[in-house]
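Each chain is listed here by its residues.
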Amino acid sequence: CFPCTLRWYQRRVHGKQHVINAKRLISENENENASIKEFYECYKPIEEALLPLAVTVQNSATVHKLIKKLVKFLTANFQSEMLKTPLVISRFINFIDLLMMRWVKYSDIMYVLLKSLLIFSVNAYVFESPFCELLPALERIMALPNANSGFVQKELIVWSIGNMSSDCPQFIALVTKSPVFVPQMIELVGYNCAHLRSTCLWALFCLTKSELVQDKGIFATPLLLSQLTSIIKRDNEKEKENAVWILANISQHIMSFDSTKLLALINTLLEQLNRANNFDCYKGILRFLGSFLAADMSAAECTKRIVDSKELYCAMDRVIKVPALMKECVWILSLLAADPVYCDNIGKADSLLSFLQSQLNESTEYHTRKEILLTLYYLARNRSEHIKSIGNEIVLNYCIWTLNSHITKDAQLVTCILSIIDLVIDILPNFIAFLKNAGGKEAAERIIYVYEENSQISLLAQTIVQKLTSY
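Predicted, not measured: the structure shown is a model, and the values here were computed from it. (Residues numbered from 1 in each chain as written. Predicted model: local features only at pLDDT ≥ 70, side-chain atom pairs only at ≥ 80, totals over all residues. Heavy atoms only, no water.)

A. Spatial organisation of empty space enclosed by the protein. Enumeration according to the criterion identifies 1 cavity of 30 Å³ or more in this entry. Taken as a whole, the largest cavity spans an internal volume of roughly 30 Å³. Surrounding the largest cavity, Leu117, Phe131, Leu138, Ile157, Ser160, Ile161, Met164 and Phe171 form its lining. Residue assignment for the lining of the largest cavity shows that the elements contributing at least two residues are α7 (129-142) and α8 (148-163). If you tally residues by element for the lining of the largest cavity, the top one is α8, at 3 residues. Split by residue class, the lining of the largest cavity holds 7 nonpolar, 1 polar and no charged. (1 Å grid on protein atoms, 1.4 Å probe; cavity = no way out; pocket = protein on both sides within 12 Å on 5 of 7 lines; lining within 4 Å. Points joined across faces, edges and corners; volume = space filled by probe spheres on them. Helix = DSSP H or I, 4+ residues; strand = E, 2+ residues; numbered from the N terminus. Nonpolar A, V, L, I, M, F, W, Y, C, P; charged D, E, K, R; others polar.)

Spelled out as structure tokens, the structure:
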């Protein structure tokens with residue numbers, strides 16, 4: 001077996017025989033289930049064989065095969081606890097750093113070294129310090145001129161960064177502060193190399209969604225915006241999905257970009273609403289459009305294109321009943337309903353309003369129910385002809401049920417519900433008896449007690465109690 005061969009080699013290696021004996025290691029099968037002790041038994045002789053080898057063309061083939069042998073061993077033990085041991089990770093990464101400095105001119109050797117790093121990056125959260133020490137070497141590789149020979153090496157580095165994006169705060173902080181990594185990933189997205197492009201898009205998606213990245217604005221560049229717009233037009237669904245979610249994650253940072261480029265992007269996304277073949281891509285597009293509307297409803301040209309688009313309303317009418325997409329659809333509707341200029345676009349869709357009302361039950365996700373109530377309230381508040389959206393027993397029953405439940409910890413939701421009830425009392429007096437019989441007065445009195453320190457909510461609840469009492 002492989003460990004036995006290595007133990008034999010460990011006893012025999014000495015003097016000038018290191019090249020000959022190193023070649024003898026390049027054989028046999030890897031251990032399928034290695035312990036930490038066995039890892040060192042396999043690893044140490046390879047280390048001792050590599051370090052004395054001079055950096056020559058003649059020795060490069062031997063070095064390549066030895067490291068490749070070690071990579072196969074690591075791959076075979078990918079899920080082993082040994083790869084989560086700080087001592088193992090620290091020693092191995094330091095060894096990789098040394099070899100990268102010595103053999104940097106040999107692309108085949110650099111490839112297998114970076115591949116071994118990729119294996120360890122999956123468990124980097126256990127002990128990230130060695131990876132931080134390795135960053136200068138990785139930065140030097142990423143800074144090299146882009147050429148076919150270096151693409152594979154850069155892809156492995158980008159892949160490792162993506163693996164570590166959510167678990168290694170110190171490492172990710174250094175990566176995002178570097179003047180090399182993020183700009184290089186953005187540039188590589190535009191290269192005509194499918195594997196590299198896909199890996200860079202995935203890594204950028206991981207970084208832009210990571211809570212460890214403090215400033216998402218470093219990703220918002222005109223170059224990336226142009227590249228993502230082109231990628232979204234293509235037929236590669238996975239690349240399209242990552243591109244859309246990158247945009248959704250950095251949407252608030254691109255509002256100040258040239259309006260012509262933004263309008264081109266919005267047109268592309270609206271066209272994709274009728275072409276996207278998976279819900280994740282659909283969800284990302286809706287998230288971006290909603291974020292854009294929420295961040296800046298004053299960008300007249302771009303906003304008007306969104307709110308007046310038939311593509312958006314047709315798409316939402318088609319997918320709003322899909323549970324995975326309902327939250328985003330209702331969120332966009334609430335944003336549109338809040339604006340007096342654009343609320344008419346929703347109010348004309350009677351079937352859509354009926355569906356929203358039917359979703360006010362406990363089985364619907366909480367945030368979705370909240371956005372439904374906000375949508376119905378904004379419509380009724382901004383246009384008197386839309387009062388029917390809240391003049392409904394289903395809506396009023398749900399409002400009273402909510403005021404009597406634990407959900408009343410949400411001050412925005414409570415304010416919305418009290419405003420709905422107050423509006424119904426003033427404009428639809430025929431529902432006052434229903435509100436009293438359903439417990440509306442008692443629910444409002446409870447809110448006065450719960451929110452006694454919130455003068456706005458407490459005063460609104462007192463007003464409702466007084467109106468229902470005087471009826």
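Having put the structure on the table, let's press on.
B. View of the packing of aromatic side chains. Per the counting criterion, the structure on display carries 4 aromatic pairs. Relative to Tyr191, the ring of Phe151 lies with its centre 5.2 Å away and its plane at 75°, an arrangement referred to as edge-to-face. Here the residue Phe151 occupies a position in helix α8, and Tyr191 occupies one in the loop between α10 (181-189) and α11 (194-209), the gap between them amounting to 40 residues. By relative accessible area, which is 9% here, Phe151 ends up buried. (Phe/Tyr/Trp six-rings, centres within 6.5 Å; stacked < 30°, edge-to-face > 60°. Buried < 20%, exposed > 50% of the residue type's maximum accessible area, 1.4 Å probe, protein only.)

C. Structural detail: the pattern of salt bridges. One pass over the full model with this rule turns up 9 salt bridges. Lys240 is the salt-bridge partner of Glu237, the closest N and O atoms lying 3.5 Å from each other. Residue Glu237 and its partner Lys240 are both found in helix α13 (residues 237-249); the two are separated by 3 residues, about one turn of the helix. The exposure class assigned to Lys240 is buried, which follows from its relative accessible area of 4%. Note that Asp422 and Lys467 form a salt bridge whose closest N and O atoms lie 2.6 Å from each other. (Salt bridge = Lys/Arg side-chain N within 4 Å of Asp/Glu carboxyl O.)

Interpretation note: all reported values are geometric properties and have no functional meaning in isolation.
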